Amino acid sequence: MTTVSLDAARTALSSACSDVAEGTPADAVAGVPVALVARPASTAETGELLRAAAGHGLTVVARGRGTKSGWGRPPERADLVVDLSRMSAVLDHAAGDLIVDTQAGALLADVQRTVGTAGQRLALDEPVPGSSIGGVLATNTSGPGRFGVGTARDLLIGCTVVRADGVVAKAGGRVVKNVAGYDLGKLVIGSFGTLAVVTEAVFRLHPVPPARRFVTAPFGTAEDAGRLVQAVVHSQVVPSAVEVEWRPDGAGTIGVGLGGTAAGVESRTASTLQLLGAGAEAAEEPPPGWGVLPWHDTAAGGTGLKLTCAISGLTAVLDVAQRAATDAGVPLTLRGSGGAGVLYGALPADAPVDAVATVVSRTRAVCGEHGGALVVVEAPAPVQAAVDVWGPVPAIDLMRRVKDQFDPERRLAPGRFVGGI
């Protein structure tokens, strides 16, 4: 943008939103500088803001708390950041109906505190501390609980979004059972803000289980990990989570989460201990690293990978990934919901780009052979420039057509999502 167009745009945006400021280096999105930052206070204000932005040809990147602004590809441009942190209210908690209605800028932790007063929980994990509701939906993050209750797509029952042209749209409602139709909520989840800006969301809730236990057991090979996971998944212990961690030194741990009545958990804990065999232990608290993305273990960060596969392919994926890392001479930590076929991998920040590319290529291939994929979630700039972050996407043509319908002028986070969407 030229200075003249920036001034004109700022005037128009300021008439739509009372809080508009120039972007600072801290506002950059994955290294892409931001010209302006606006903080709307309502859905209506967000609509006016995006209408004004469209009128001046601005590209827009939505931001909750900025904890995952480095995920995906850097946007081609980021003229305006729409910061939703002022929209942080829990609008309604209908405890009797087990639902919560919240603004997108609310912290997930604040929502949990609110619904927790009634002995309820929004069954979403927080693998990235400080996440907002909007950020969780945009990136579709999940943690150990996805094995038992699924992801945000399984919990969201209604949402309000603002399109790139400023039109406000609503989908779903406040009841768990809704009439059929296009499921806008499921469409925007995981779209990295490239289809619309989510401003409000309605979720169904679960009761907090009265008792919880965590059973862990060591394993030393990929075959052992796969065997133990299969044993738990196909048993009668009804786990709420089946986690796997395999560290670069070859030491691995399977972790099983159990929840329910005290008597039931006690009985299922005994069964799980017997199932996992020698070395299995039970504890009241989750083991270290439970639900934390492995590249967040240290402040240094690094390259973060997301691996998916059919559960039957877990052994092969674990084996190939670790062998690829060993052959490339870089340490790889794998951690995630083995029982759901979703793992996260961490390579150190100083790993050579060629080594990262080798691990990505070989592991992506085996994930694909077992019905899954590999995505580079977050990485240093040299790695992002050298590897295909998203990998092949079979439905890319359909996804591009959906993007064309929602945002034909490519104003929302252009280039950030798969295939340059």
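What you see is a predicted model; the values in this text were computed from it and never measured.

*Asks:* An account of the overall build of the protein chain is needed here, citing residue identities and associated values.
*Replies:* Helices and strands together make up the secondary structure of the protein chain, namely 13 helices and 19 strands. Taken over the C-alpha trace, the protein chain has a radius of gyration of 22 Å; the compact-globule value for 421 residues is 22 Å, and the two agree within 12%. Projected onto its principal axes, the C-alpha coordinates of the protein chain cover approximately 70 × 55 × 35 Å. Expressed as a percentage of the 421 residues in the protein chain, the buried residues total 50%. In the protein chain, once contacts between residues fewer than 6 apart in sequence are set aside, the share between residues at least 24 apart is 70%. By element, 55% of the accessible surface of the protein chain is carried by carbon and sulfur atoms, the whole surface being about 17,300 Å². Side chains of the protein chain carry 35 positive and 40 negative charges; the gap between the two charge centres is 4 Å.

*Asks:* I'd love a proper account of the packing of helix α8 (residues 222-233) against helix α10 (residues 314-328), names of residues and values included.
*Replies:* Running from amino to carboxyl end, α8 crosses α10 at an angle of 155°, the nearest separation of the two axes being 8 Å. Between α8 and α10, the angle falls in the class roughly antiparallel. The element α8 and its partner α10 pack so that their crossing is right-handed. Every residue of α10 that contacts α8 at Ala222, Glu223, Ala225, Gly226 and Val229 is listed here: Leu314, Thr315, Leu318 and Asp319. When grouped by side-chain class, the residues that make up the contact of α8 with α10 number five nonpolar, two polar and two charged.

*Asks:* Which residues make up the packing of aromatic side chains, and what values go with them?
*Replies:* As enumerated under the stated definition, the model contains seven aromatic pairs in all. Geometrically, the ring pair formed by Phe214 and Trp290 is edge-to-face, given 5.2 Å between the ring centres and 75° between the ring planes. Of this pair, Phe214 sits in strand β12 (residues 211-219) while Trp290 sits in the loop between β15 (281-283) and β16 (303-308), placing them 76 residues apart in sequence. Members of the aromatic cluster, connected to one another through ring pairs, are Trp71, Trp295 and Tyr344.

*Asks:* I'd like a rundown of the domain arrangement of the protein chain, residues and numbers included.
*Replies:* When the domains of the protein chain are assigned, the result is domain 1 (6-85), domain 2 (90-207), domain 3 (211-283) and domain 4 (294-395). Once you take the C-alpha centre of each, domain 1 and domain 4 turn out to be 32 Å apart. Every contact between the two is made by five residues of domain 1 and, on the other side, eight residues of domain 4. Summing both sides of the interface, domain 1 and domain 4 together bury roughly 560 Å²; the carbon and sulfur share of this comes to 50%. Its largest share of buried area at the contact with domain 4, domain 1 owes to Trp71, Gly72 and Arg73, together 81% of the area lost on that side. The interface formed by domain 1 and domain 4 contains zero salt bridges. For the interface between domain 1 and domain 4, the tally reads four residue pairs in polar contact (both at pLDDT 80 or more).

*Asks:* Describe the nonpolar core, listing the residues and the values that go with them.
*Replies:* Grouped together as the largest cluster of nonpolar side chains are 59 residues, with contacts concentrated most on Ile254, Leu276, Leu307, Leu318 and Val376. Built from parts of two domains, this core gets at least three residues from each of domain 3 (211-283) and domain 4 (294-395). With sequence-adjacent residues up to four places away left out, Val376 is seen in contact with Thr303, Gly304, Leu305, Val360, Arg364, Val387, Asp388 and Val389. Counting 50 residues, the second largest nonpolar core, distinct from the first, contains Val20, Leu124, Ala164 and Leu184.

*Asks:* Explain the pairing of strand β13 (residues 241-246) to me, and be specific about the residues and the numbers.
*Replies:* It is a general feature of regular strands that their side chains alternate between the two faces of the sheet. In terms of burial, β13 is a largely internal element, six of the six residues being buried. Here β13 shows a buried face lined by Ala241, Glu243 and Glu245 and a second buried face lined by Val242, Val244 and Trp246. Pairing analysis gives six bridges linking β13 to strand β14 (residues 252-260), with the strands arranged antiparallel. Residue pairing across strands places Glu245 opposite Thr253, the latter belonging to β14. What sits between β13 and β14 in their antiparallel hairpin is a turn of five residues, with Gly250 showing a positive phi close to 95°. Note that β13 and strand β17 (residues 333-337) share three bridges and pair antiparallel. Directly across from Val244, in β17, lies its bridge partner Gly336.

*Asks:* Residue-level account of the environment of Thr253, with values.
*Replies:* Tracing the sequence through the fold places Thr253 in strand β14. In the structure, Thr253 is positioned 41 residues away from Arg212 in sequence and 19 Å away in space, judged by C-alpha atoms. Discounting chain neighbours no more than four positions away, the residues touching Thr253 are Thr216, Ala217, Pro218, Phe219, Glu243, Val244, Glu245 and Arg247. A polar atom in the side chain of Thr253 sits 3.5 Å from the side chain of Arg247.

*Asks:* Lay out α8 in plain terms, naming residues and giving numbers.
*Replies:* The terminal C-alpha atoms of α8 lie 16 Å apart, and with 12 residues this matches the ideal 16 Å at 1.5 Å per residue to within 8%. Where α8 is concerned, the buried positions are Ala222, Ala225, Gly226, Leu228, Val229 and Val232. Seen from one end, α8 has its buried residues packed into an arc of 165°, which puts them on one side. Buried-residue contacts for α8 involve β12, β13, β14, α9 (262-276) and α10.

*Asks:* Before we move on, can you summarise the side chain of Asp83 with the specific residues and values?
*Replies:* Of note, Asp83 is situated in strand β4 (residues 80-83). Overall, Asp83 belongs to the buried group, its relative accessible area being 6%. Within polar-contact distance, the side chain of Asp83 engages the side chain of Ser85 at 2.6 Å. For Asp83, the residues in contact, after removing those within four places along its chain, are Val37, Ala38, Arg39, Pro40, Arg63 and Gly64.

The rules behind each value
- Residues numbered from 1 in each chain as written.
- Predicted model: local features only at pLDDT ≥ 70, side-chain atom pairs only at ≥ 80, totals over all residues.
- Heavy atoms only, no water.
- Helix = DSSP H or I, 4+ residues; strand = E, 2+ residues; numbered from the N terminus.
- Rg over C-alpha atoms; globule rule 2.2 N^0.38 Å.
- Buried < 20%, exposed > 50% of the residue type's maximum accessible area, 1.4 Å probe, protein only.
- Contact = heavy atoms within 4.5 Å.
- Areas by Shrake-Rupley, 256 points an atom, 1.4 Å probe, with all protein chains shown as cover.
- Lys, Arg positive; Asp, Glu negative; His and termini not counted.
- Charge placed at Lys NZ, Arg CZ, Asp CG, Glu CD.
- Axes fitted to C-alpha atoms, helices over the stretch in contact; angles between N-to-C directions.
- Parallel < 35°, antiparallel > 145°, perpendicular 65-115°, else oblique.
- Left-handed = near helix turned anticlockwise from the far one by under 90°.
- Nonpolar A, V, L, I, M, F, W, Y, C, P; charged D, E, K, R; others polar.
- Phe/Tyr/Trp six-rings, centres within 6.5 Å; stacked < 30°, edge-to-face > 60°.
- Domains from an automatic or database assignment.
- Buried area = accessible area lost by both parts, 1.4 Å probe.
- Salt bridge = Lys/Arg side-chain N within 4 Å of Asp/Glu carboxyl O.
- Polar contact = N/O pair within 3.5 Å; in protein donor to acceptor, adjacent residues only side chain to side chain.
- Core = buried A, V, L, I, M, F, W, Y, C linked by side-chain atoms within 4.5 Å.
- Pairing = 2+ DSSP bridges.
- Expected span 1.5 Å × (residues − 1).
- Arc of directions from axis to C-beta.

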